[in-house]
Amino acid sequence: DAKTTQPPSMDCAEGRAANLPCNHSTISGNEYVYWYRQIHSQGPQYIIHGLKNNETNEMASLIITEDRKSSTLILPHATLRDTAVYYCIVLVYAGAGSYQLTFGKGTKLSVIP
Amino acid sequence: GAGVSQTPSNKVTEKGKYVELRCDPISGHTALYWYRQSLGQGPEFLIYFQGTGAADDSGLPNDRFFAVRPEGSVSTLKIQRTERGDSAVYLCASSPGALAGGDNEQFFGPGTRLTVL
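Criteria and thresholds
Residues numbered from 1 in each chain as written. Chains lettered and ligands numbered in written order. Predicted model: local features only at pLDDT ≥ 70, side-chain atom pairs only at ≥ 80, totals over all residues. Heavy atoms only, no water. Helix = DSSP H or I, 4+ residues; strand = E, 2+ residues; numbered from the N terminus. Rg over C-alpha atoms; globule rule 2.2 N^0.38 Å. Contact = heavy atoms within 4.5 Å. Areas by Shrake-Rupley, 256 points an atom, 1.4 Å probe, with all protein chains shown as cover. Lys, Arg positive; Asp, Glu negative; His and termini not counted. Charge placed at Lys NZ, Arg CZ, Asp CG, Glu CD. Salt bridge = Lys/Arg side-chain N within 4 Å of Asp/Glu carboxyl O. Buried < 20%, exposed > 50% of the residue type's maximum accessible area, 1.4 Å probe, protein only. Buried area = accessible area lost by both parts, 1.4 Å probe. Polar contact = N/O pair within 3.5 Å; in protein donor to acceptor, adjacent residues only side chain to side chain. Pairing = 2+ DSSP bridges. Axes fitted to C-alpha atoms, helices over the stretch in contact; angles between N-to-C directions. Disulfide = S-S within 2.5 Å. 1 Å grid on protein atoms, 1.4 Å probe; cavity = no way out; pocket = protein on both sides within 12 Å on 5 of 7 lines; lining within 4 Å. Points joined across faces, edges and corners; volume = space filled by probe spheres on them. Nonpolar A, V, L, I, M, F, W, Y, C, P; charged D, E, K, R; others polar.

Participant: Teacher, can you tell me more about the overall build of chain A here?
Facilitator: Of the regular secondary structure elements, chain A holds zero helices and nine strands. Counting helices and strands in the order they occur from the N terminus, chain A gives β-β-β-β-β-β-β-β-β. In terms of overall size, chain A behaves like a compact globule, its C-alpha atoms giving a radius of gyration of 14 Å where 113 residues would be expected to give roughly 13 Å. A separation threshold of at least 6 residues defines the contact pool for chain A, and within that pool the share at least 24 residues apart is 55%. Accessible surface, chain A: about 5600 Å² in total, of which carbon and sulfur atoms supply 50%. Distance between charge centroids for chain A: 3 Å, based on 9 positive and 9 negative side chains.

Participant: Could you clarify how one ought to interpret the pattern of salt bridges in this entry?
Facilitator: Close approach of charged atoms allows side chains of opposite charge to pair. Counted under the stated rule, the structure contains five salt bridges over all chains. Between Glu 31 of chain A and Lys 3 of chain A there is a salt bridge, with the nearest N and O atoms lying 2.8 Å from each other. On the criterion of sequence distance, the pair formed by Glu 31 of chain A in the loop between β2 (18-23) and β3 (32-38) and Lys 3 of chain A in the segment before β1 (9-13) is long-range, its members being 28 residues apart. Residue classification places Glu 31 of chain A among the buried positions, given a relative accessible area of 10%. For Arg 64 of chain B, the salt bridge identified is with Glu 83 of chain B, shortest N-O distance 3.5 Å. Placement of Arg 64 of chain B in the loop between β6 (53-56) and β7 (65-68) and of Glu 83 of chain B in the loop between β8 (75-79) and β9 (88-95) is noted, with a sequence separation of 19 residues between them. Given the relative accessible area of 40%, Glu 83 of chain B is considered partly exposed.

Participant: Could you clarify how one ought to interpret the environment of Ala 54 of chain B in this entry?
Facilitator: Residues and elements named next belong to chain B. You can see Ala 54 is positioned in strand β6. The class of Ala 54 is partly exposed, set by a relative accessible area of 43%. Sequence separation between Ala 54 and Arg 69 is 15 residues; the distance between their C-alpha atoms is 8.0 Å. Apart from residues no more than four positions distant in its own chain, Ala 54 is found in contact with Ile 47, Tyr 48 and Phe 49.

Participant: Explain the interface of chain A and chain B here, please?
Facilitator: A common way to express how large an interface is: the accessible area buried when the components associate. Each side of the interface is counted separately: chain A has 21 residues, and chain B has 24 residues. Carbon and sulfur atoms make up 52% of the area that chain A and chain B hide from each other, which totals about 1800 Å². Between chain A and chain B we count zero salt bridges in total. Across the contact surface, chain A and chain B share seven residue pairs in polar contact (both at pLDDT 80 or more).

Participant: Even after reading the chapter, I still don't get the pairing of β2 of chain A, so can you show me in this structure?
Facilitator: When a strand is regular, its side chains alternate between the sheet's two faces. Residues and elements named next belong to chain A. Only one face of β2 is covered, namely the one carrying Ala 18, Leu 20 and Cys 22; the face carrying Asn 19, Pro 21 and Asn 23 has none of its residues buried. Where β2 meets strand β7 (residues 70-75), six bridges bridge the pair, whose relative direction is antiparallel. Paired with Cys 22 across the bridge in β7 is Ser 71.

Participant: So what exactly am I meant to see when it comes to the sheet that holds strand β6 (residues 61-64) of chain A here?
Facilitator: In any sheet, the strands associate via hydrogen bonds between backbone groups, in a parallel or an antiparallel arrangement. Spatially, β2-β7-β6-β5 (chain A) is the arrangement adopted by the four strands of the open sheet, whose pairing is antiparallel. Every other strand in the sheet has two partners, leaving β2 and β5 (55-56) of chain A as the edge strands with one partner each.

Participant: Just checking my understanding: could you explain the sheet that holds strand β4 (residues 45-50) of chain A for this structure?
Facilitator: All names here are of chain A. With mixed pairing, five strands are arranged side by side in an open sheet as β1-β9-β8-β3-β4. The open sheet terminates on both sides in strands that have one partner only, identified here as β1 and β4. On average, adjacent strands in this sheet sit at an angle of 25° to one another, irrespective of strand direction. In this sheet, strand β8 (residues 84-91) lies alongside β3 in antiparallel orientation, the contact comprising seven bridges. What sits directly across from Tyr 34, in β8, is Ile 89.

Participant: Explain the state of the cysteines to me, please; I cannot follow it from the model alone.
Facilitator: Here, disulfide denotes a covalent bond that connects the sulfur atoms of two cysteines. Residue and element names in this part refer to chain A. Within the structure shown, the criterion is met by two disulfides over all chains. A sulfur-sulfur distance of 2.1 Å marks the disulfide that ties Cys 22 to Cys 88. Residues Cys 22 and Cys 88 are joined by a disulfide whose S-S torsion is about -80°; by sign, that bridge is left-handed. A residue pair is termed long-range when its members are at least 10 positions apart, and Cys 22 in strand β2 and Cys 88 in strand β8 qualify at 66 residues.

Participant: Whenever I open this one, the layout of surface pockets confuses me. Can you help?
Facilitator: Over the atoms, a rolling probe the size of a water molecule traces out where space has been left empty. Roughly 590 Å³ of internal volume is contained in the largest pocket. Lining of the largest pocket is provided by 27 residues; of these, Gln 38, His 40 and Ser 41 of chain A together with Gln 37 and Arg 113 of chain B occupy positions nearest its centre. If you list the elements that add at least two residues to the lining of the largest pocket, you get β8 of chain A together with β9 and β11 (112-116) of chain B. When residues of the lining of the largest pocket are assigned to their parent elements, the largest contribution, three residues, is made by β8 of chain A. Its residues assigned to classes, the lining of the largest pocket comprises nine nonpolar, 15 polar and three charged.

See below:
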């Protein structure tokens, strides 16, 4: 059970901000939200993660609602190289030190020239 | 520095054969994960190592699948009597260690594409 819901696909014009939504209404208070992306024929790439506060790094920003039931990944100026499948994941402790990632189907983002 | 590497990048085998897939994690990373990704799906967890021991193998589909990490670094995923349904991309990921809560980002290799004819 992925515990997250994402739209299957989105388009974004090159140079514009891409806002990717994710619902995680059953998230527990100590569970983190992680975002990965997978460009075609490559392994998944870590983007960003957060618990309660909004986060920003060189790749993206993560906005988490106050009730933590949803979040939005923002790519401020999308480029063609950002075309990928984006996965929103609630990181769950699986026991024995394992933080296995449970991937859903993600959102296929297409950046249009 | 070097990322996670996996060899071979592609493996074609015949039904019933034995295969080994290798993963070289990032130096110093104690946690290592194997995932399998079928066409059109997200990766699915197979097994997790903390150091040399398989701490969680709950994702292995059956006893034809086995993995080792004898020295706590390189790991090998072994599949016996391969079946056509084993065809997938096998991904390896490593992370610095089992830290509570955050800072558990996993770094993935490029994967091995296994095709069973």
